[in-house]
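Residues per chain are reported as follows:
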Amino acid sequence: MTAIPARSWRQLRLAPPLLPLLPALVWLPVLLMLPAVFHGGGWDLIGQFARAAFSPSLDPQVLGSALSGLGVTVGIALLGWALSLALGLLGGVLSSRTVWRTATGSALPAAWMRRLLAVPRAVHELLWGLLLLQLLGLQPVVAVLAITIPYAALVARVVSDLLDALPTKGLEALRLAGAPAGPALLTALGPALQPGVLSYGGYRLECSLRSATLLGVFGLGGLGTDLRLTLQSLQFHELWSGLWLLLLVMLALEALLRGLRRRWAMPARFGLTHRSVGRGGREVALGLLLLLPVLVVVAMALGVNPLQLGQLQPLPPWSADWPAVAALPWPSLIGSTLGLTLLAAALAVGSAPLLLLMMAPWPWGRVLMQAIWALGRLWPPPLTALLLLFVLQPGVLTAALALAFHNLGILGRLLLEAEESASVLAEEALGAAGTGPRLALLYGRFSVLARSYLAYGAYRADVILRETVVVGLVGAAGLGSLLLEALSSFAIDQLIALVAVYVVLTLVGEDLSDRLRRRLLAA
Amino acid sequence: MTPLNFRRRPRAGFRLALLAGLALALAPAALPPQLQRAAPLLAGAQARQKQLRISAIPDQNPEKLNRLYGLVASELSRQLKVPVKYVPVTNYTAAVSAFRTGDLDLVWFGGLTGVQARLQKPGARVIAQRDIDASFHSVFIANTSARLKPLRNVKGLAELKGKRFTFGSESSTSGRLMPQHYLNQAGVKLRDFAGGAPGFSGSHDATIALVQSGAYQAGAVNEQVWKSNLRSGKADRRRVAVIWRTPGYPDYHWIAQPNLDQRFGKGFTSKLQKAFVGLRRSNPQQARILELFGAQKFIPAPVSQYAAIEKVGRQIGKIR
C-alpha cells in the first residue's frame, strides 16, 4: 500500500528549476476569484494617492516632523538590530546540535533550546511592542526591545541552522587530535560560519528598518507614526513626503549592504555555499569597532536608558475568565489565519521567479518590476491593505494580497541578488546554443537557486504567519483581529491564550518547514 | 553547490555606499533637538517632574492634531506658568497604557478610553468636556448602492445583517462602542455581518472613504467628523448617505493624573480645570483652539455621566 504511492510520487517529481514556479499556480484560483470581490468604487482615491506621489507636501512642518521621525526610526532600527545580532549569535551557538554534540556528546539540549527560542520568535515585534508598553511605559527602550527580542530568536535559529549545515570533518579531526571542545569548535566552524552570518546580519538590518517603521505605524514613535496618521486621514500629499524619505533611506541602506556584501565576498543569502573570507576579515573587525561608538551616540540621542528596564510597572488590573476564552471559535480562527498565511506565502514565493522569468527579455521591464518590488518593501502592509480596499471587498483574499505584495518585494530582491551572484556560464551556454532568454534563465540559473530559494521561502512563511496580525483592518476574521481586539479591551486572559496559540502554530510551522528544507537541500 | 562567481567589484560604488551608510547611522545623533520635539517616545524621565505632558487619542489628521495641541500646550503654559509639551500617540490603547504608566499627565480621551484609563489609574480626575460632548452622536452611513433606506428607529438596524460593515477604531466610543450597543438592541451580532465579522478601519475618515468606495456597504462614524467631511467635500452625498443617527451619549473629555497637585503645587488641578472652562471665543488665540475643537466652550464634566458608558463597555466586553 505505501510503496506504490511513494514510487509514483517519485516519478512525478519536477525538474528543480520548475519547483519555485509551483506556488505561482495559486494565481489561477485567485484570478478566478478576483472579479467576485472587485468593487472598483475607489479608483478616484487610488488616483489621488498616485498623483500625490508626484506632489508630496513640502511644508516645512510636515518635512521637519517626517525627518525627525525618520531619525528616530533609523535609530531604533540600528539599536534593535545590533542588540539582536549579538544575542542571536549567542543563542545560535547554544541551540546548535553540532556544538552540543561536541561539547557534551548529546544533541538533546540543542533541540530544547530551539523550542524555547520559538516562544519569543512566535510573537510579532508589534505585539512585543504593545506588551512591553504595558510593563515599561512609553519609553524609547520599548521599541528597541520589541525588535531585539523576536529578532534575536530568529537570528539564533538561522545561525544554528548554518552551524549545523557546516561539514564537520575538520572538527572531528581536531577532536581526534585531542583539541578541547571550545577551541576545536571555534577553529573548525568559526571561519566557515562568518560569511553566512555577515550576509544574514546585513539582511536583518533591512528587516529591522521595516519593523521599526511598522512599530511607529502602531503608535511607538518615529516615521511610522506620521505615516499612520496621514494615511488614516487620507492626507496623501503628506503621506508621500514620509514615504519618499523612507524610500531614500531604504535604497541607500540596501546599496550600502550590497556594497559591503560584495566587498567582503559574501555568498548570497540563501545560497548555502561555503566560501572562506579573503582579506575582508580585518575590515569587518574595524567596521564593528566603528559601530560601537555610533550605537552609544544613537542610544543617547534617542534617550534609550537601560536603567528603565528596572522600573517595571504592574500590569493593569485583570481577571481571568478561562471558560469564556475556551469558548472562542478557535478552529475557525486558526483555520482562517493559516489559510491567509499559506495563500500569501504561495503568492509571494511563486510570483518572484515568475515575474523575473517573464521580464527576462526586456531590460526596462526588469527595471519597472524592481521599482514595484521596492514599493512593496516600502509600504507597510496596513497601507497596502487600505489601498486594496479602495477597489476590493474585504476578506481573506484582500488581506493575502496585501501581505503577499510586501513579501514579494522582499523575496524578489533576495532572488535577484542570488541570481546576480549565481554562475552565468550555464545560462550563456544555453543562450549561445539558441535557447530563448526565458528558458536559458530558467534552466541555466534557476536550477542552481531553486532549492535554496524555496528553503528561504519556507522561512518567509513563518514570518507571514506572524504578520497576519497587522492586516486586521481588512476584516479577515482571524487570530490577528482578535489579538488587536483583546489588546484594546485589556483582556489579558485572551492575550495569554492567543500568544500560546501563536507559539504552537510557529513551532509546528517551523517543524514542517525544517523538514521541507532538509528534504529540498538533501535532494 | 557551485561557488559564487562575482563578475565585477565596484569600488567607487562601495565607497559611496559606505558614506551613505555612515551618514544614515549618524543621522539620529545629529538631530537631538528636533527629536525631542517630535518623537512621542522621548518623553523621558529626565523632564518628568517639571513638565506637563499632554496628549490625545488620535482621531484626526496629524497636521490638525499637531496644530491644535500645539496651541493648547502654549495656552496652558501661558496660563499655568509651567512648561507644557504635546506628546503624540497614534494608538488608543497606547494612550490608555501611557496614562496608566504615568507617561502622560493630561489626555483628551474618548468616552470608553476615558473610563478604561480611570479604572486603570484610580484617582484620576475628569477635568472638562466640550459643550457638544454631554450629548454626542454617531451616525450610521451606507453606500447608496447598498439600497438601505433611512431607518425609523433602532430596530431598523437589523437591515444591516448580511451586509459588509465596518467600525472605526476598536476602542472608539463613537465609531464602535455605542454603534455596537445599538446594533445589539436591534438584535444584530458581530458575526451576522458579511464575512462573519465587521471591519475595523482604524479611523473615522477611513470609514467614510471605505463606505463611499463600496468596500464596506455600511459603517458607523462620529457625527462631528461626518459633518466636517461633508463640508470639505470629501464625502460625496451621491455615494454615501446617513441612514440613522444614534441618541446622544457622553463622549470626549480631558482626564488628568491624580498627582498633579503634588507635582505642580496645591490647587493645580482646579487651575487646570478653570483654564479649560475659561476658554472664550472673544480671545483670538482661544477662539482658534475652540474652533479646532469644533466647540463653543468647555464645561465641567460630571463623573457620574460615564456610568452608562462603563455599563455598555462591560456588556460589550471592552471593559472587564
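*Asks:* Describe the overall build of chain B, listing the residues and the values that go with them.
*Replies:* Helix and strand counts for chain B come out as 12 helices and 11 strands. A total of 320 residues make up chain B; the buried ones form 48% of that total. By sequence separation, contacts in chain B at least 24 residues apart represent 75% of the contacts at least 6 residues apart.

*Asks:* Before we move on, could you go through the overall build of chain A and cite the residues and values that matter?
*Replies:* Tallying secondary structure elements over chain A gives 22 helices and zero strands in all. Computed over its C-alpha atoms, the radius of gyration of chain A comes to 24 Å, within 12% of the 24 Å expected for a compact globule of 523 residues. By residue count, 53% of the 523 residues in chain A fall in the buried class.

*Asks:* Give a description of the pairing of strand S10 (residues 253-256) of chain B that names residues and reports values.
*Replies:* All names here are of chain B. Alternating positions in S10 separate into two faces, His253 and Ile255 on one and Trp254 and Ala256 on the other, with burial throughout. Bridging between strand S3 (residues 106-109) and S10 involves four bridges; their strand directions are antiparallel. Bridging across to S10, Val107 finds its partner in Ile255. Of the pairings in the sheet, the one linking strand S4 (residues 125-130) to S10 comprises three bridges and is antiparallel in character. The partner of Arg125 across the bridge, within S10, is Ala256.

*Asks:* Explain the packing of helix H17 (residues 381-389) of chain A against helix H18 (residues 396-421) of chain A to me, and be specific about the residues and the numbers.
*Replies:* Residue and element names in this part refer to chain A. At a minimum axis distance of 9 Å, the contact between H17 and H18 shows a crossing angle of 135°. Between H17 and H18, the angle falls in the class oblique. Considering how the two elements wind past one another, H17 and H18 form a crossing that is right-handed. On H18, the residues that touch Pro381, Thr384, Ala385, Leu388 and Leu389 of H17 are Thr398, Ala399, Leu401, Ala402, Leu403, Phe405 and His406. Class assignment of the residues belonging to the contact of H17 with H18 gives a composition of nine nonpolar, three polar and no charged.

*Asks:* Could you give an account of the domain arrangement of chain B, naming the residues involved and the relevant values?
*Replies:* Residues and elements named next belong to chain B. Domain parsing of chain B yields domain 1 (45-134 + 251-306) and domain 2 (138-245). If you average the C-alpha positions of domain 1 and of domain 2, the two centres end up 29 Å apart. Across the contact, nine residues belong to domain 1 and nine residues belong to domain 2. Those elements that place two or more of their residues in the side of domain 1 that touches domain 2 are helix H4 (92-100) and helix H5 (111-120). Of the residues in the side of domain 1 that touches domain 2, the class split is two nonpolar, five polar and two charged.

*Asks:* Residue-level account of the sheet that holds strand S5 (residues 138-143) of chain B, with values.
*Replies:* Residues and elements named next belong to chain B. Spatial ordering of the open sheet is given by S7-S6-S8-S5-S9, a layout of five strands whose pairing is mixed. For this open sheet the edge positions go to strand S7 (199-200) and strand S9 (240-245), each flanked by a neighbour on one side alone. Here strand S6 (residues 165-167) pairs with strand S8 (residues 218-222) via two bridges, running parallel. What sits directly across from Phe165, in S8, is Ala218.

*Asks:* So what's going on with helix H7 (residues 204-213) of chain B? Which residues, and what values?
*Replies:* The buried count for H7 of chain B comes to 10 of 10 residues, which makes it a mostly enclosed element. Looking only at H7 of chain B, the buried set comprises His204, Asp205, Ala206, Thr207, Ile208, Ala209, Leu210, Val211, Gln212 and Ser213 of chain B.

*Asks:* Which residues make up the domain arrangement of chain A, and what values go with them?
*Replies:* Residue and element names in this part refer to chain A. Domain assignment breaks chain A into domain 1 (20-41 + 321-522) and domain 2 (56-310). Distance from the C-alpha centre of domain 1 to the C-alpha centre of domain 2: 21 Å. Across the contact, 28 residues belong to domain 1 and 27 residues belong to domain 2. Sort the elements by how many residues they give to the side of domain 1 that touches domain 2 and helix H22 (residues 492-522) lands first, with seven residues. The residue makeup of the side of domain 1 that touches domain 2, split by class, is 20 nonpolar, three polar and five charged.

*Asks:* An account of the nonpolar core is requested, with residue identities and associated values reported.
*Replies:* Core analysis: the largest hydrophobic core is formed by 229 residues, its most contacted members being Ala344 and Ala400 of chain A together with Val107 and Ile141 of chain B. Of the residues forming this core, the biggest block, 17 residues, is contributed by helix H8 (residues 140-165) of chain A. With near-sequence residues (within four places) excluded, Ile141 of chain B lies in contact with Ile208, Val211, Ala218, Gly219, Val221, Trp226, Val240, Ala241, Val242 and Ile243 of chain B.

*Asks:* Tell me about the confidence of the model for chain B, and please be specific about residues and values.
*Replies:* Residue and element names in this part refer to chain B. Averaged over all residues, the pLDDT of chain B equals 84, while 84% of them reach at least 70. Note on residues 1-14: pLDDT is under 50 here. Beyond four places in sequence and across chains, it has 19 contacts. Within the model, the stretch residues 24-47 combines pLDDT values under 50 with 59 contacts to residues more than four positions away or in other chains. The ipTM for the predicted assembly is 0.79, set against a pTM of 0.81.

*Asks:* For the sheet that holds S3 of chain B, give the residues involved together with the corresponding values.
*Replies:* All names here are of chain B. Read across the sheet, six strands follow the order S2-S1-S3-S10-S4-S11 without closing on themselves; strand pairing throughout is mixed. The strands lining the two open edges of the sheet, one partner per strand, are strand S2 (84-86) and strand S11 (298-299). Sheet topology note: the strand S1 (residues 52-56)/S2 ladder contains three bridges and is parallel. In the strand pairing of S2, Leu52 is matched with Val84. Running over the sheet, helix H10 (residues 268-277) touches S4, S10 and S11 and is turned about 5° from S4.

Calculation rules
Residues numbered from 1 in each chain as written. Chains lettered and ligands numbered in written order. Predicted model: local features only at pLDDT ≥ 70, side-chain atom pairs only at ≥ 80, totals over all residues. Helix = DSSP H or I, 4+ residues; strand = E, 2+ residues; numbered from the N terminus. Buried ≥ 20, exposed ≤ 12 C-beta atoms within 10 Å, placed from the backbone. Contact = placed C-beta atoms within 7 Å. Rg over C-alpha atoms; globule rule 2.2 N^0.38 Å. Pairing = 2+ DSSP bridges. Axes fitted to C-alpha atoms, helices over the stretch in contact; angles between N-to-C directions. Parallel < 35°, antiparallel > 145°, perpendicular 65-115°, else oblique. Left-handed = near helix turned anticlockwise from the far one by under 90°. Nonpolar A, V, L, I, M, F, W, Y, C, P; charged D, E, K, R; others polar. Domains from an automatic or database assignment. Core = buried A, V, L, I, M, F, W, Y, C linked by C-beta atoms within 7 Å. pLDDT = per-residue confidence, 0-100.

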